[in-house]
Amino acid sequence: MSARSVRAGFITFEGIDGAGKSTQIAHTVSLLEQRGCAVLQTREPGGTPLGERLRALVLHEPMHLETEALLMFAARREHLAERIEPALQEGRWVVCDRFTDATYAYQVGGRGLAAEKLVTLEQWVHPGRQPDLTFLFDLDPAIAAARMAASRAEGDRFEREQAVFFERVRAAYLERARQCATRFHVIDATASPEAISHEIGDVLAARFFS
Ligand code: TYD
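Residues numbered from 1 in each chain as written. Predicted model: local features only at pLDDT ≥ 70, side-chain atom pairs only at ≥ 80, totals over all residues. Heavy atoms only, no water.

Engineer: Got a minute to help me understand the site of the ligand in this structure?
Structural biologist: Close to the ligand lie 17 residues; Asp17, Lys21, Arg98, Thr103 and Gln107 are nearest. At a separation of 3.1 Å, an oxygen atom of the ligand approaches a polar side-chain atom of Arg76. Residue Gln107 places a side-chain N or O atom 2.8 Å away from a nitrogen atom belonging to the ligand. Burial of the ligand by the protein amounts to 91% of the accessible area it has alone, namely 550 Å². When residues of the shell around the ligand are traced back to their parent elements, those giving at least two are α2 (49-60), α3 (65-89) and α4 (100-110). (Near = heavy atom within 4 Å. Polar contact = N/O pair within 3.5 Å; in protein donor to acceptor, adjacent residues only side chain to side chain. Areas by Shrake-Rupley, 256 points an atom, 1.4 Å probe, with all protein chains shown as cover. Helix = DSSP H or I, 4+ residues; strand = E, 2+ residues; numbered from the N terminus.)

Spelled out as structure tokens, the structure:
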């Protein structure tokens, strides 16, 4: 099916730090472009000049848990208004590294923010807008930590968290995937990069182009 006959999709990538999203995001963008789709590749927190400044704060400055959640949603509001909604309206696909599921996993699951507060923020900041498809890279935190230790000198505030934090984040992601089963596709992130790329290609074809 040609890209022109398909409504542009909003695709997000989620998972604990070190799960291997980055390579697969680039792969997804190139698969969509090969089908003739125009694509906005972006990330959260960030995606706009103001959002990137908020990202620098939230990743590196110590702060209260609720401040952290509010800054994530402040950056998200700006991102939706300035980049995501305009792109979708123009018929461009949006491939985003993390979105509200990350707040659910990290701030609610990892840090203990009350889930009702997230629901309130979600309804305020993006009523009626959810990703069309979310790839969740699921991985044992011990494996993710070993991958990160091999590739990075010093992590940000989240990457420096202990294994128990990432166990909670992982569990919250899997719970969210269970609650939103039609939107999520859970990937076993221990598989080879080639196998994961293949799986993503199959899911995109089945969901959007069949
Ligand atoms: P990411 O861009 O995946 O990190 P990196 O580029 O360093 O690999 O994500 C940045 C961090 O922000 C990540 O540890 C998860 C965290 N985060 C939250 O805690 N809540 C959120 O809502 C979002 C979007 C990210």
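Engineer: Quick question: what am I supposed to make of α2 here?
Structural biologist: Side chains of residues three or four places apart in an α-helix project in the same direction, reflecting 3.6 residues per turn. An ideal rise of 1.5 Å per residue puts 16 Å on 12 residues; α2 measures up with 17 Å between its terminal C-alpha atoms. Of the residues making up α2, those classed as buried are Gly51, Leu54, Arg55, Val58 and Leu59. The arc that holds the buried residues of α2, viewed along the axis, is 125°, so those residues lie on one side. Exposed residues pointing more than 90 degrees away from the buried face of α2 are listed as Pro49 and Arg53. (Expected span 1.5 Å × (residues − 1). Buried < 20%, exposed > 50% of the residue type's maximum accessible area, 1.4 Å probe, protein only. Arc of directions from axis to C-beta.)

Engineer: Looking at this structure, I do not really get the packing of aromatic side chains. What am I missing?
Structural biologist: The relation between two aromatic rings is expressed through the spacing of the ring centres and the mutual angle of the planes. Counted by the stated rule, this structure contains 10 aromatic pairs. On the basis of an interplanar angle of 20° and a centroid distance of 5.6 Å, the ring pair of Trp93 and Phe209 is categorised as stacked. Residue Trp93 is located in strand β3 (residues 93-97), and its partner Phe209 is located in the segment after α8 (193-208); the two are separated by 116 residues in the primary sequence. Judged by its relative accessible area of 6%, Phe209 falls in the buried class. Ring centres 6.4 Å apart and planes at 65° place the aromatic pair Phe208 and Phe209 in the edge-to-face group. Accessibility assignment for this pair places Phe208 and Phe209 in one class, buried. These aromatic residues form a ring-pair network of at least three members: Tyr106, Phe158, Phe165, Phe166 and Tyr173. Sitting over the face of the ring of Phe209, Arg35 holds its NZ or CZ atom 4.2 Å from the ring centroid. Taking the ring centre of Phe73 as reference, the NZ or CZ of Arg76 above it sits at 4.6 Å. (Phe/Tyr/Trp six-rings, centres within 6.5 Å; stacked < 30°, edge-to-face > 60°. Lys NZ or Arg CZ within 6 Å of the ring centre and 35° of its normal.)

Engineer: For this particular structure, what's the right way to read the packing of α3 against helix α5 (residues 115-125)?
Structural biologist: Packed helices, taken two at a time, are described by the angle between their axes plus the distance between the axes. Relative to each other, α3 and α5 sit at 20°, their axes nearing to 10 Å. Looking at the two axes, α3 sits roughly parallel to α5. Handedness of the α3/α5 crossing: right-handed. Counted together, Glu66, Leu70, Phe73, Arg76, Arg77 and Leu80 of α3 and Lys117, Leu118, Leu121, Glu122 and Val125 of α5 form the full contact between these two elements. Class assignment of the residues belonging to the contact of α3 with α5 gives a composition of 6 nonpolar, no polar and 5 charged. (Axes fitted to C-alpha atoms, helices over the stretch in contact; angles between N-to-C directions. Parallel < 35°, antiparallel > 145°, perpendicular 65-115°, else oblique. Left-handed = near helix turned anticlockwise from the far one by under 90°. Contact = heavy atoms within 4.5 Å. Nonpolar A, V, L, I, M, F, W, Y, C, P; charged D, E, K, R; others polar.)

Engineer: What is the right way to read the state of the cysteines from this model?
Structural biologist: One way to say it: the disulfide is the covalent bond shared by the sulfur atoms of two cysteines. By the definition in use, this model includes 0 disulfides. Cysteine Cys37 shares no disulfide, and the gap to the nearest cysteine sulfur, in Cys96, comes to 17 Å. (Disulfide = S-S within 2.5 Å.)

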